[in-house]
Every structure is written in C-alpha cells, then in structure tokens.
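One-letter residues, chain by chain:
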Amino acid sequence: MIKSPLEDIHFPQYRKYSNNKNYFKIYSATEFEEVQVIGTKHIRRKVHAVQFPEKNHIIDLLLMKQENVLTINKEEFERLY
C-alpha cells in the first residue's frame, strides 16, 4: 500500500505567499482559512474544498509545491487580526 504524503502532517498548518499578501491556516486536507492583505485591509475567508482544484490547492500549500509558498507560525498568522 502506498503511503500518502499527507498522513504525517499535523494540523493546523500555516503558510503564506512570499509577497506577504496571502496567509493560510490549513485545518485539514479539505478546509482552510485565508487572509488576503489588500492595502491596509484584511479580507478573511474560510474554504471547505469540494472541487478537485480546491483540494489540489490545499495539497500544493501543504507540500509547498511552489517556490513562493513559505511556512509561518501561528503567531504570524494571528497577528493579522
């Protein structure tokens, strides 16, 4: 049986894009919260992934498939509030 790379991940996980405009708190392989920084405003949204592209987005964030995805800690995410 092939082991999934997500099996050993403990949630929540925190990520951001290197441009400091999008921050993510990932609750599970199908659920995350995103904070978008637009000027001085912070827009928060919660996503429950149902469709394949949304699920892939979460997996890409968790596995850091793109160079612009960085790991952050809980405190950095919570400072946005």
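Coordinates for the structure precede this section.
Residues numbered from 1 in each chain as written. Predicted model: local features only at pLDDT ≥ 70, side-chain atom pairs only at ≥ 80, totals over all residues. Heavy atoms only, no water.

(A) Structural context of the sheet that holds strand E4 (residues 41-48). Strand order in the open sheet formed by five strands is E4-E3-E2-E1-E5, and the pairing between neighbours is antiparallel. Bordering the open sheet on either side are E4 and strand E5 (69-71), each of which pairs with just one other strand. Averaged over all pairs of adjacent strands, the angle between strand axes in this sheet comes to 25 degrees, irrespective of strand direction. Bridge analysis of strand E2 (residues 22-28) against strand E3 (residues 31-38) gives six bridges, and the strand direction is antiparallel. (Pairing = 2+ DSSP bridges. Helix = DSSP H or I, 4+ residues; strand = E, 2+ residues; numbered from the N terminus. Axes fitted to C-alpha atoms, helices over the stretch in contact; angles between N-to-C directions.)

(B) Representation of the pattern of salt bridges within the structure. Tallied over the entire structure, the rule returns three salt bridges. Across the pair Lys16 and Glu76 runs a salt bridge, and its minimum N-O distance is 3.0 Å. Of this pair, Lys16 sits in strand E1 (residues 13-17) while Glu76 sits in helix H2 (residues 74-78); the two residues are 60 residues apart in sequence, bridging distant segments of the chain. For the pair shown, Lys16 and Glu76 are each scored as buried. As a salt-bridge pair, Glu33 and Arg44 come within 3.3 Å of each other at their nearest N and O atoms. Of the two residues, Glu33 is situated in strand E3 and Arg44 in strand E4; the sequence distance between them amounts to 11 residues. (Salt bridge = Lys/Arg side-chain N within 4 Å of Asp/Glu carboxyl O. Buried < 20%, exposed > 50% of the residue type's maximum accessible area, 1.4 Å probe, protein only.)

Scope: geometric values only; no functional claims are made or implied.
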